Amino acid sequence: LLLFTTPTLFSFAQSGLQRFDDNTLEYLEAHRTPGQTKAWLFISNTNDYVNVAIPAGLLVAGIIDHNPDMRQNALYVATSTATTFLLNTLIKKLVKRPRPFISNVHLTAVYQPSSSSFPSGHTSSAFSSATALVRAYPKWYVIAPTFLWSGAVGYSRMYLGVHYPTDVTAGALLGTGTAFGLGFIRP
């Protein structure tokens, strides 16, 4: 009996998640404004720069201050983000989930990336950098802005219509998991 009901349950869960994904993006699209679109596009477009600036800043500060722990933390954050990028690329090639604007004719993206949708690369790299930085420096004044930033990046990907909520959630989990998995690099 379980063999016959499992595919049905899986299909039901999958269709329920897909409806949630579609409804969320349709809602966000219906409430876009030019000012908000500009702001969320800026956040999305600056993500790569932030992900490079964090370890670069730690490295430079560690060199200037003659601080080997800070230089080691720079390596940890950079390695976590780079590994997340590689894992994300591999998963995208394996899963090949179409972007929302391709799967759902009712959705219009602000712009149209050509790669696959699952998981969100922007979100995974933002959460990887944030988690690694927070694990290296677990202070409230590091935690609050880094997770505010990474959450904003994830939201921007949905707001712009280029990722489903499940893509963003998977990206956040991938980035966070990678940073924890590479925690042995920390000083």
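For the structure itself, consult the block above.
Residues numbered from 1 in each chain as written. Predicted model: local features only at pLDDT ≥ 70, side-chain atom pairs only at ≥ 80, totals over all residues. Heavy atoms only, no water.

Engineer: Quick question: what am I supposed to make of the overall build of the protein chain here?
Structural biologist: Scanning the protein chain from N- to C-terminus turns up 7 helices and 0 strands. Along the protein chain, helices (α) and strands (β) appear in the sequence α-α-α-α-α-α-α when read from the amino end. Each principal axis of the C-alpha distribution contributes one length, and for the protein chain these read about 60 × 50 × 30 Å. Relative to its 187 residues, the protein chain shows a buried fraction of 41%. Counting contacts in the protein chain only where the partners sit at least 6 residues apart, residues at least 24 apart contribute 79% of the total. Of the accessible surface of the protein chain, which amounts to about 10,400 Å², a share of 72% is contributed by carbon and sulfur atoms. (Helix = DSSP H or I, 4+ residues; strand = E, 2+ residues; numbered from the N terminus. Buried < 20%, exposed > 50% of the residue type's maximum accessible area, 1.4 Å probe, protein only. Contact = heavy atoms within 4.5 Å. Areas by Shrake-Rupley, 256 points an atom, 1.4 Å probe, with all protein chains shown as cover.)

Engineer: I keep staring at the pattern of salt bridges and nothing clicks. Help me out?
Structural biologist: Opposite charge on two side chains allows them to pair when their charged atoms are near. Taken as a whole and assessed by the stated rule, the structure comprises 2 salt bridges. Asp21 is the partner of Arg97 in a salt bridge, and the nearest nitrogen-oxygen pair spans 2.9 Å. Remark: Asp21 occurs in helix α1 (residues 2–30) and Arg97 occurs in the loop between α3 (68–95) and α4 (100–103); sequence separation between them is 76 residues. Exposure remark for Asp21: the relative accessible area of 1% places this residue in the buried category. Among the ionic pairs, Asp167 bridges to Arg97, the shortest N-O distance being 2.7 Å. (Salt bridge = Lys/Arg side-chain N within 4 Å of Asp/Glu carboxyl O.)

Engineer: How should I be thinking about the packing of aromatic side chains in this particular structure?
Structural biologist: Any two aromatic rings considered together are summarised by their centre-to-centre distance and by the angle between their planes. This model, assessed by the stated rule, comprises 5 aromatic pairs. Consider the rings of Phe127 and Phe147, whose centres lie 6.2 Å apart with planes at 45°: the pair is tilted. On the criterion of sequence distance, the pair formed by Phe127 in helix α5 (residues 121–136) and Phe147 in helix α6 (residues 140–159) is long-range, its members being 20 residues apart. (Phe/Tyr/Trp six-rings, centres within 6.5 Å; stacked < 30°, edge-to-face > 60°.)

Engineer: Whenever I open this one, a nonpolar patch on the surface confuses me. Can you help?
Structural biologist: A cluster of nonpolar residues, Leu90, Leu94 and Val95, forms a patch on the protein surface that exposes about 300 Å² of accessible area. Judged by relative accessible area, which is 42%, Val95 ranks as partly exposed. (Patch = residues over 30% accessible without salt bridge, like charges linked within 9 Å, V, L, I, M, F, W, Y side chains within 5 Å.)

Engineer: Would you explain α3 in this entry?
Structural biologist: Helical geometry: 3.6 residues make up each α-helical turn, so side chains three or four residues apart lie on a common side. Taking 1.5 Å as the rise per residue, α3 with 28 residues should run 40 Å; its terminal C-alpha atoms sit 40 Å apart, in good agreement. Among the residues of α3, Met70, Asn73, Ala74, Tyr76, Val77, Ser80, Thr81, Thr84, Asn88 and Lys92 are the ones counted as buried. In this structure, the buried residues of α3 make contact with α2 (34–64), α5 and α7 (165–181). Sitting at the amino-terminal end of α3 is Asn67, which places a side-chain oxygen 3.0 Å from the backbone nitrogen of Asp69. (Expected span 1.5 Å × (residues − 1). Polar contact = N/O pair within 3.5 Å; in protein donor to acceptor, adjacent residues only side chain to side chain.)

Engineer: Sorry if this is basic, but what is going on with the packing of α2 against α6 here?
Structural biologist: In a pair of packed helices, the angle between the axes and the distance between the axes together describe the arrangement. In contact at an axis separation of 9 Å, α2 and α6 are set at 125° when each is read in the N-to-C sense. Classed by the angle they form, the pair α2 and α6 counts as oblique. For the pair α2 and α6, the sense of crossing is left-handed. Residues Gln36, Thr37, Trp40, Ile43, Ser44, Thr46, Asn47 and Val50 of α2 form the contact with α6, whose own contacting residues are Trp149, Ala152, Val153, Tyr155, Ser156, Arg157 and Tyr159. Of the residues contributing to the contact of α2 with α6, the split by class is 8 nonpolar, 6 polar and 1 charged. (Axes fitted to C-alpha atoms, helices over the stretch in contact; angles between N-to-C directions. Parallel < 35°, antiparallel > 145°, perpendicular 65-115°, else oblique. Left-handed = near helix turned anticlockwise from the far one by under 90°. Nonpolar A, V, L, I, M, F, W, Y, C, P; charged D, E, K, R; others polar.)

Engineer: How should I be thinking about unusual backbone geometry in this particular structure?
Structural biologist: Trans is the prevailing form of peptide bonds, just as negative phi is the prevailing case for residues other than glycine. For the bond from Phe118 to Pro119, the omega torsion is -10°, close enough to zero to count as cis. When you line up the elements, Pro119 lands in the loop between α4 and α5. Unusually for a residue other than glycine, His66 sits at a positive phi of about 55°. Looking at the element boundaries, His66 is found in the loop between α2 and α3. On the basis of relative accessibility, which here comes to 67%, the residue His66 falls in the exposed class. Residues other than glycine seldom take positive phi values, yet Lys96 does so here, at roughly 55°.

Engineer: Any chance you could explain the environment of Val52 here in plain terms?
Structural biologist: Position of Val52 relative to the elements: it lies in helix α2. Residue class for Val52 comes out exposed when judged on its relative accessible area of 57%. Taking the C-alpha atoms as reference, Val52 lies 19 Å from Arg157; in sequence the two are 105 residues apart.

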